[in-house]
Amino acid sequence: MITESPVRAVERCLGCGSTALEPVLDLGCQPLANRFTRPDPLGADEPAFPLGIQACPDCCLVQLTHVVDPAVLFSAYLYVPSASSTWVAHCAELAAYVCAEARLQPGDFVVEIGSNDGTLLRAFQTRGLRVLGVDPAANIAALANAAGIPTLNRFFGVATAEEVLAEHGPASAVVSTNVLAHVPDPVAVLRGVRGLLRPGGLYVNESPSLGDLVRHTEFDTIYHEHVSYFSLQALANLLARADLRLVDAVPQAVHGGSLRIVGVPSTSPRPASAGLRQLLAEEQVALRGDRRALRDFARRTAAVRERLRALLARLRADGKRVAAYGATAKGNTLLGYCGLTAADIAYIVDRNPLKQGLLAPGSRIPVVPPERLTTDPPDVLLLLAWNLADEIRQQLAWFAERGGAFLLPIPEPRLV
Ligand code: DWN
């Protein structure tokens with residue numbers, strides 16, 4: 001039987017079609033970062049796919065070298081953002097920002113692309129807005145609908161936008177977080193956004209920032225779900241291809257550093273903000289000759305692997321037991337690239353019940369509920385959710401008081 005491969009090599013830029021793509025970093029063959037598996041006594045083979053990034057010198061888009069069919073990645077999903085109170089607070093602030101920027105009135109219509117369990121839309125709903133989520137994961141869309149957040153179980157693009165438009169009318173605001181960077185055809189998503197927005201409407205998107213990825217050596221945030229790694233210039237180019245115009249940007253701390261951007265239909269009179277012009281100028285300096293910045297990043301990535309492995313070997317030699325906190329997607333890139341397994345990390349705790357009882361992809365380290373930390377405490381806790389370190393360390397103050405240490409892997413492995 002011939003089955004079609006879910007992976008394809010990216011030979012033309014996903015933003016502009018250029019064939020001049022330049023390799024940046026190769027992380028080897030890795031399994032899908034959110035494909036947590038059931039413990040299987042026979043140790044079933046896990047498919048692994050090439051993982052690396054490359055840069056387009058023509059439109060600046062940094063992107064994967066190989067993309068996996070989104071239907072394989074997103075039709076069922078285990079990640080829900082509501083597990084983190086940092087994220088819930090961020091959503092409340094983001095909703096307030098969009099309401100103010102788009103001057104939304106009660107009853108106005110807001111659409112979120114990739115709305116997951118409805119955490120963000122709930123913040124709009126409580127402000128009296130009409131909301132609709134669009135999400136491709138059937139299990140997660142069902143959770144959102146059951147919780148009272150109307151959610152259409154679809155991938156978003158021009159066809160879905162037309163369907164929403166026909167049924168609900170144009171949107172005053174379209175919002176997406178951690179979605180635009182996840183799709184192999186971002187321009188198609190943006191064309192859908194353009195079609196759905198009313199003339200004075202706003203598109204607000206947040207995605208991890210390339211600048212932060214490079215500055216803080218966040219190589220672990222590279223995995224098959226993350227197709228693009230955005231600079232502001234690359235985003236401006238993508239929006240322009242969909243008849244949208246970038247008018248504002250506000251850097252955010254979430255997920256290791258993200259870019260919040262505001263786009264409007266290109267016919268809108270809204271001018272670009274002074275803040276955006278300043279950020280674009282700073283970015284040009286920071287990523288100037290970005291070949292060198294990206295080469296340095298690749299070198300530092302290899303150094304993190306060596307240092308983390310050496311540190312874990314030393315801890316083991318000292319008789320210390322290590323567990324991990326946060327069964328994150330990025331954690332699986334870190335574990336896979338650094339070659340760490342259950343021989344190095346006893347278990348991973350995570351409070352998302354959808355992940356508990358499963359094995360992390362590749363490393364096959366068991367994911368367990370946080371209570372395990374009290375019944376079977378390790379000496380050291382590797383923070384795979386380093387982006388939520390403040391929240392987690394606050395919860396686990398007792399662990400540090402009992403002499404436990406936290407190991408932060410990024411930007412440099414260190415015990416705190
Ligand atoms: O883009 C993506 C980002 C936004 O989220 C996805 N492709 C997948 C996901 O990436 P991640 O898995 O690296 O995300 P987080 O937000 O770093 O995951 C945090 C994990 O830690 C969750 O599984 C929940 C868990 N957690 C916990 O167990 N206890 C988090 C907190 C704050 C806690 O106290």
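What you see is a predicted model; the values in this text were computed from it and never measured.

## Quick notes on the overall build of the chain
Phase 1 of the analysis: Scanning the chain for helices and strands turns up 14 helices and 19 strands.
Phase 2 of the analysis: Taken over C-alpha atoms, the radius of gyration comes to 21 Å for the chain, in line with the 22 Å a tight globule of 416 residues would show.
Phase 3 of the analysis: Here the chain holds 416 residues, and 55% of them are scored as buried.
Phase 4 of the analysis: Once local pairs closer than 6 in sequence are excluded, the contacts in the chain between residues at least 24 apart make up 70%.
Phase 5 of the analysis: Within the structure as shown, the chain displays about 17,300 Å² of accessible surface, and the carbon and sulfur contribution to it stands at 54%.

## What to know about the environment of Leu 334
Phase 1 of the analysis: The topology assignment puts Leu 334 in helix α11 (residues 329–338).
Phase 2 of the analysis: Exposure remark for Leu 334: the relative accessible area of 1% places this residue in the buried category.
Phase 3 of the analysis: Along the sequence, Leu 334 and Gly 404 sit 70 residues apart, while their C-alpha atoms lie 22 Å from each other.
Phase 4 of the analysis: Apart from residues lying up to four places away in sequence, Leu 334 is in contact with Phe 219, Asp 220, Leu 308, Leu 382, Leu 384, Pro 409 and Ile 410.

## Points about the side chain of His 226
Phase 1 of the analysis: Of note, His 226 is situated in the loop between α7 (210–215) and β11 (228–229).
Phase 2 of the analysis: Take His 226: its relative accessible area is 9%, and that puts it in the buried class.
Phase 3 of the analysis: Excluding residues that lie within four positions of it along the chain, His 226 makes contacts with Leu 64, Ala 181, His 182 and Thr 221.

## Looking at the packing of helix α10 (residues 290–317) against α11
Two quantities define a packed helix pair, namely the angle between the axes and the distance from one axis to the other.
Phase 1 of the analysis: Contact pair α10 / α11: the axes reach a minimum separation of 10 Å and the direction vectors enclose 80°. Between α10 and α11, the angle is such that the two are roughly perpendicular. Contacts from Thr 301, Ala 302, Arg 305, Leu 308 and Arg 309 of α10 reach α11 at Leu 334, Tyr 337 and Cys 338.
Phase 2 of the analysis: Residue classes in the contact of α10 with α11 are distributed as five nonpolar, one polar and two charged.

## Examining empty space enclosed by the protein
Phase 1 of the analysis: Counting across every chain of the model gives one cavity of 30 Å³ or more.
Phase 2 of the analysis: Empty space within the largest cavity amounts to approximately 50 Å³.
Phase 3 of the analysis: For the lining of the largest cavity, the class distribution of residues is five nonpolar, four polar and no charged.

## Focus: the sheet that holds strand β3 (residues 49–55)
Phase 1 of the analysis: Taking strand neighbours across the sheet as the criterion, the four strands line up as β2-β3-β4-β11 in an open arrangement whose pairing is antiparallel. With one partner strand each, in any of the chains shown, β2 (22–30) and β11 form the two edges of the open sheet.
Phase 2 of the analysis: The pairing of β3 with strand β4 (residues 62–64) spans three bridges and is classified as antiparallel. Bridge pairing links Ala 55 to Val 62 in β4.
Phase 3 of the analysis: Of the strands in this sheet, β2 and β3 are in contact with α11, which crosses β2 at around 85°.

## Remarks on the sheet that holds strand β10 (residues 197–208)
Phase 1 of the analysis: Strand order in the open sheet formed by seven strands is β8-β7-β6-β9-β10-β13-β12, with mixed pairing between adjacent strands. Looking along the sheet, the strands with just one partner apiece sit at the ends: β8 (151–152) and β12 (244–252).
Phase 2 of the analysis: Here six bridges tie strand β9 (residues 171–177) to β10, and the two strands are oriented parallel to one another. The residue of β10 that forms the bridge with Ala 171 is Leu 197.

## Quick look at the pairing of strand β18 (residues 405–408)
Phase 1 of the analysis: The two faces of β18 match: Ala 405 and Leu 407 on one face and Phe 406 and Leu 408 on the other face are all buried.
Phase 2 of the analysis: Of the strand pairs in this sheet, strand β17 (residues 380–383) and β18 are connected by three bridges, and their pairing is parallel. Bridging from a neighbouring strand, Val 380 pairs with Ala 405 of β18.
Phase 3 of the analysis: The pairing of β18 with strand β19 (residues 414–415) spans two bridges and is classified as antiparallel.

## Describing the site of the ligand
Phase 1 of the analysis: Taken together, 24 residues lie around the ligand, and Glu 225, Lys 330, Asp 350, Arg 351 and Gln 395 are the ones closest in.
Phase 2 of the analysis: His 182 places a side-chain nitrogen or oxygen 2.8 Å from an oxygen atom of the ligand.
Phase 3 of the analysis: One nitrogen or oxygen atom from the side chain of Asn 387 is found 3.0 Å from an oxygen atom belonging to the ligand.
Phase 4 of the analysis: Of all the secondary-structure elements, those providing two or more residues to the shell around the ligand are α11 and α13 (389–395).
Phase 5 of the analysis: In terms of residue class, the shell around the ligand is built from eight nonpolar, ten polar and six charged.

## What about the pairing of β10?
Phase 1 of the analysis: Among the twelve residues that make up β10, nine are buried, leaving the element largely enclosed by the rest of the structure.
Phase 2 of the analysis: Remark: the β9/helix α6 (residues 186–196)/β10 crossover connection has right-handed handedness.
Phase 3 of the analysis: Pairing of β10 with strand β13 (residues 258–265) involves six bridges; the strand directions are antiparallel. Within the sheet, the bridge partner assigned to Tyr 203 lies in β13 and is Gly 263.

## Focus: the pattern of salt bridges
Phase 1 of the analysis: Enumeration according to the criterion identifies 14 salt bridges in this entry.
Phase 2 of the analysis: Here Glu 306 makes a salt bridge to Arg 305, at a shortest N to O gap of 3.4 Å.
Phase 3 of the analysis: When the shortest N-O distance is used, the salt bridge between Asp 344 and Arg 316 registers 2.7 Å. With Asp 344 in the loop between α11 and β15 (348–349) and Arg 316 in helix α10, this residue pair connects regions lying 28 residues apart in the sequence.

About the thresholds
Residues numbered from 1 in each chain as written. Predicted model: local features only at pLDDT ≥ 70, side-chain atom pairs only at ≥ 80, totals over all residues. Heavy atoms only, no water. Helix = DSSP H or I, 4+ residues; strand = E, 2+ residues; numbered from the N terminus. Rg over C-alpha atoms; globule rule 2.2 N^0.38 Å. Buried < 20%, exposed > 50% of the residue type's maximum accessible area, 1.4 Å probe, protein only. Contact = heavy atoms within 4.5 Å. Areas by Shrake-Rupley, 256 points an atom, 1.4 Å probe, with all protein chains shown as cover. Axes fitted to C-alpha atoms, helices over the stretch in contact; angles between N-to-C directions. Parallel < 35°, antiparallel > 145°, perpendicular 65-115°, else oblique. Nonpolar A, V, L, I, M, F, W, Y, C, P; charged D, E, K, R; others polar. 1 Å grid on protein atoms, 1.4 Å probe; cavity = no way out; pocket = protein on both sides within 12 Å on 5 of 7 lines; lining within 4 Å. Points joined across faces, edges and corners; volume = space filled by probe spheres on them. Pairing = 2+ DSSP bridges. Near = heavy atom within 4 Å. Polar contact = N/O pair within 3.5 Å; in protein donor to acceptor, adjacent residues only side chain to side chain. Right-handed = clockwise from strand over helix to strand, strands pointing away. Salt bridge = Lys/Arg side-chain N within 4 Å of Asp/Glu carboxyl O.

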